[in-house]
Structure formats: C-alpha cells, structure tokens
Amino acid sequence: MPVPSASSAEPNSRRPAPSSLWRDADFRRLWVGQTASQLGEHASLVVLPLLAVLTLHASAGELGVLRAVGQAPILFLSLFAGAWVDRWRTRTTMVLSDVGRALALGAVAAAGLFGGLGMPGLLALAFAVGALSVFFEVAYQASLVRLVERDHLVRGNSALEGSRSAAQIGGPALGGALVSLLSAPIAAASSALFFALSFLSIRRIRRAETMPERPDEPPRIWRRIQEGLRFVAGDSVLRVVCLASATFQFSFAAMMTVYLLFLPRELHLSGTAVGLALAAAGPGALLGSLLAARLPSRFGYGTVLVCAATLGDGVFLCVPALHGASGVTVPALLAVGFVFGFGGQLVNVTVMAVRQAVTPDGLQGRAAATITFAGMGLTPLGSLAGGFLAGEWGLRTGLLVTAAGMLLSPVVMALSPLARLGRELPAPHATAGGRTRPRTSPGKPDLPG
C-alpha cells in the first residue's frame, strides 16, 4: 500500500509552526528518544571493551578486533541503510533499531552473568549493535525533515546535535562508572535500558511522516543505492560536502593516531590528563550546537562553515609547539579541545541543515548514508598514514603535518559553492530526472520542480 505523501496527509499530521518547535510533543519525543539512544550507544562503546578486558581477559589484539568489528557496519551497511530509510518510516526504523540493541546488550549481560560469554559471541553482538546503530543514525537524520518545516531544520538539528554532544561527554563516563560501581555485565544491562527508553519515547510519535509516494514497482536495492550515489555526485553542494568530509576524516584519523602517542610520550602526560584533554571537546561541542541555531541566519551559512572549519581544524597547529608537562600544557590542551569541539559541531549542524535542505524528501536517507560512507571510508587509511608518519618523521613533525592536512577541508569549502551560501537555506535541488518534490504544507498541491 503506498505511503501518503505530504499532499495527502491528514490534518492532524500538520507540521509545527516555526515559533512552536519545543512546544511540539512529537519533536520532544524525538529529542528524548535520540538523547537516550546516544547515551546508550556511547556508554556501550566503553562497556563492551571493558567487559572484554575484565571478564574475558582479552588481549590488546583481541580488543582491537572488537573495536574494528563494532565500527565495520559504518562501511558495509551505510548505503544499504540509506536505501532502506528512504522507503520506510523513520519512526519504524528507529524503534526496531532500539529494540534490537536492547536485546543484544541484554544477551551480553545474561551471558556474562552466567559465564556463557566468549569472544566470538561478543564479537557477533558488537557487530549487531553497530549495525543497528547505523540504521538508527541514518533514520534520525532523515526523520527531522519529515517531521518539521524547513525553517526549523537548523534549530531542530541544533537541539538534536546538542544532545549528541552531551551524550559524547556523559555516555563514556557513565559506562565507566557503571562498570566500576557494579560489574561489566550489569553495566551492559544498564546500557540496554537507555535503548528501551528511546523505544518508548519514539514509538509515541503520532504525526504522520511526509514521504514521497512509492512507485508500483519499486527499483531493486542496488538501483536505489546508485540513485543516491548519482544524486550526491551530481549535486555541486553535496559533492563538496562529501569531498570536505573525506579530507577531514582522513586527516583527523591520521592526526588522532599521532596525537594519542604525542600526549603521553612527548608531553609525558598522565592518563587522567590525556582523558581531560580529549573530553574538553564535549563542552565546546555543546556551545557550538547552541550557536548553530543563530549564527548562520546572521552571518550566512557559507561564512559560518568556512570560518568554523578553519578555526576548529587549525587550532591543532598549536599543539606541536608545546613542550613537557608544564603548568601551561594541560590548560592549553583543554583550550585546543574546546575550540575544536566548538568549531567542529558548528560545522556539523550547519552542514546537516544544508544537506537536508537541498535533498528531496525521497533521497534523504540515501544522501545521508552516502556522505557518511564517503567520509568515514577513509578513516582506516588515515590511521595507517598517521602511524607511518609518526614512525618515519617523529611525533612532533608528524603531528604538525597531519594537523595541517586537516585545513584542506575548509580550503575545499572556501573554493566551492558552499562558501557562497547566504542567510537562507537553499531550495531542494532537482534529481537526476530533472524533478524534485518540494516540501509542502498539508492540503497544498505539489509543484513541478
């Protein structure tokens, strides 16, 4: 049965007016569900490795394999998730993902408590959690476009990304605290409760999603994936977003490999000091999320993107100038982390709003998945490159080179149509067929693209 389009939605599916975003119950349910989901996900990223180390006595190599298996679905499933999301309601995808992750972590907890958990089982469950997280991430990025008007995209993304930043700060700390206070298996069960809370909140969303009509004979999944790839590759704005994301992720992965060696070996910092330096990005990201709702409409989307990327990426050029564990070193690293988190999150929220605005509704999931695939696909190569540079050129020179490489991303944006975006979000762009379905209010007919 075809899914109703925007023009055929019932009156009670009307989207909220721009002045009433937080008064809208369905948006609040999405925000609560996404926040709980992010807390569960980031807590599990700490709980599962600690469970492997403390309960299964995993070696360093086994722990590396566990982390790689949990991250592998980003590469293998992102494009499939995008094709899936564009054909199904995002609410359905999110609640099924929550149920699956809660059951997987519950199985980890039960097996750990009764002594039936081994590394093969933990690897399989880690892959399942990672795969379901990919589907949830793609679905929630597409869900906002289907629930609110275009005027709300920046403010809505600011709120959702703000909760993600808070989860990135609190989730790992919560996971570590649960393992310390209770035990690793019980901590896994506690993480499952966050996914259950997300399920209970998101399933209460009542507004019908505004989705494009399904064709009578839907194309095969590979064809849908190709449509998403062609649309992103053929759109000048999204093509630049892909290129800028890929250059950043490659350089950032290389820089972080050197950075994690530079802090303890070159600056002689303790584990606590290293943790503080890394955690400083969280508060900066929170501030970036808040200001992302205001700065683009005042200074222009292009200006904010280029300036925020330059500031956030360029700040790491200061780190190679630090020497030893002096009284200035740790405060300087905290400032670097804060500025990086601020600029990075400002870019993330702004880019997401632009991507959602230019993409037709029927391609939202595939566009998000394609950009994720293109950006994250180079991270393993970046990590290898960082290790090679650190070994061949030394930690200080390697850090300087990889930090400078991160500035390629704002340079790409500055030389592209992204830099020329003004204070208004662009209109949805045409698909390969030359037509697009503008987002309309209920009751208004669709107009030709």
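Our structure's up above, just so we're on the same page.
Cut-offs used in this document
Residues numbered from 1 in each chain as written. Predicted model: local features only at pLDDT ≥ 70, side-chain atom pairs only at ≥ 80, totals over all residues. Heavy atoms only, no water. Helix = DSSP H or I, 4+ residues; strand = E, 2+ residues; numbered from the N terminus. Contact = heavy atoms within 4.5 Å. Areas by Shrake-Rupley, 256 points an atom, 1.4 Å probe, with all protein chains shown as cover. Core = buried A, V, L, I, M, F, W, Y, C linked by side-chain atoms within 4.5 Å. Buried < 20%, exposed > 50% of the residue type's maximum accessible area, 1.4 Å probe, protein only. Axes fitted to C-alpha atoms, helices over the stretch in contact; angles between N-to-C directions. Parallel < 35°, antiparallel > 145°, perpendicular 65-115°, else oblique. Left-handed = near helix turned anticlockwise from the far one by under 90°. Nonpolar A, V, L, I, M, F, W, Y, C, P; charged D, E, K, R; others polar. Salt bridge = Lys/Arg side-chain N within 4 Å of Asp/Glu carboxyl O. Phe/Tyr/Trp six-rings, centres within 6.5 Å; stacked < 30°, edge-to-face > 60°.

A. Quick look at the overall build of the protein. Within the protein, the secondary structure is distributed over 17 helices and zero strands. Summarising the internal contacts of the protein: among those between residues at least 6 apart in sequence, 88% fall at separations of at least 24. Taken as a whole, the protein presents about 19,200 Å² of accessible surface, with 66% of it coming from carbon and sulfur.

B. Spatial organisation of the nonpolar core. Counting residues in hydrophobic clusters, the biggest one holds 55 residues, and the most contacted among them are Val 354 and Leu 418. A per-element tally of this core places helix α4 (residues 119–147) first, with ten residues. Apart from the residues lying within four places of it in its own chain, the contact partners of Leu 418 are Val 237, Val 240, Val 241, Gly 302, Leu 305, Val 354 and Met 413. Judged by nonpolar contacts, the second largest core, of 24 residues, contains Ala 273, Val 319, Leu 333 and Ala 403.

C. Layout of the environment of Gly 312. The residue Gly 312 is located in helix α12 (residues 301–314) in this model. Considering only alpha carbons, one finds Gly 312 and Pro 410, 98 residues apart in sequence, at a separation of 9.8 Å. Beyond its immediate stretch of four places on either side in the chain, Gly 312 contacts Val 339, Phe 340 and Gly 343.

D. Representation of the packing of α4 against helix α14 (residues 364–376) in the model. Where α4 contacts α14, the axes come no closer than 9 Å and their chain directions differ by 135 degrees. One element, α4, and the other, α14, form an angle in the oblique class. Crossing handedness for the pair α4 and α14: right-handed. Taking contact as the criterion, the partners of Val 138, Gln 141, Ala 142 and Val 145 in α4 are, on α14, Gln 364, Gly 365, Ala 368 and Ala 369. Taken together, the residues of the contact of α4 with α14 break down into five nonpolar, three polar and no charged.

E. Spotlight on the pattern of salt bridges. Under the counting rule described, the total for this entry stands at five salt bridges. The residue Asp 26 makes a salt bridge to Arg 29 at a minimum N-O spacing of 2.9 Å. With Asp 26 and Arg 29 both in helix α1 (residues 25–54) and three residues apart, this pair spans about one turn of that helix. Judged by its relative accessible area of 7%, Asp 26 falls in the buried class. The closest approach of N and O atoms between Arg 101 and Glu 41, which form a salt bridge, is 4.0 Å.

F. Local environment of the packing of helix α8 (residues 236–265) against helix α16 (residues 395–406). The interhelical angle for the contact between α8 and α16, taken along N-to-C directions, is 150 degrees, at an axis separation of 8 Å. With respect to their mutual orientation, α8 and α16 come out roughly antiparallel. Every pair of crossing elements has a handedness; the one defined by α8 and α16 is left-handed. Where α8 approaches α16, its residues Phe 248, Ser 251, Phe 252, Ala 254, Met 255, Val 258, Tyr 259, Leu 261, Phe 262 and Arg 265 are matched on the opposing element by Leu 395, Arg 396, Gly 398, Leu 399, Thr 402, Ala 403, Gly 405 and Met 406.

G. Region of interest: the packing of aromatic side chains. Throughout the structure, instances matching the rule amount to six aromatic pairs. Summarising the aromatic geometry, the rings of Phe 248 and Phe 252 are spaced 5.3 Å apart at their centres and angled 10 degrees between planes, so their arrangement reads as stacked. A residue pair is termed a helical-turn pair when its members lie 3 or 4 positions apart in one helix, as Phe 248 and Phe 252 do in helix α8 at four residues. The exposure class of Phe 248 is buried, given its relative accessible area of 18%. Between Phe 252 and Phe 340, the ring centres sit 5.4 Å apart and the planes meet at 10 degrees, which makes this aromatic pair stacked. With a gap of 88 residues between them, Phe 252 in helix α8 and Phe 340 in helix α13 (residues 329–358) connect regions that are remote in the sequence. On the accessibility criterion, Phe 340 (14% relative accessible area) is buried.

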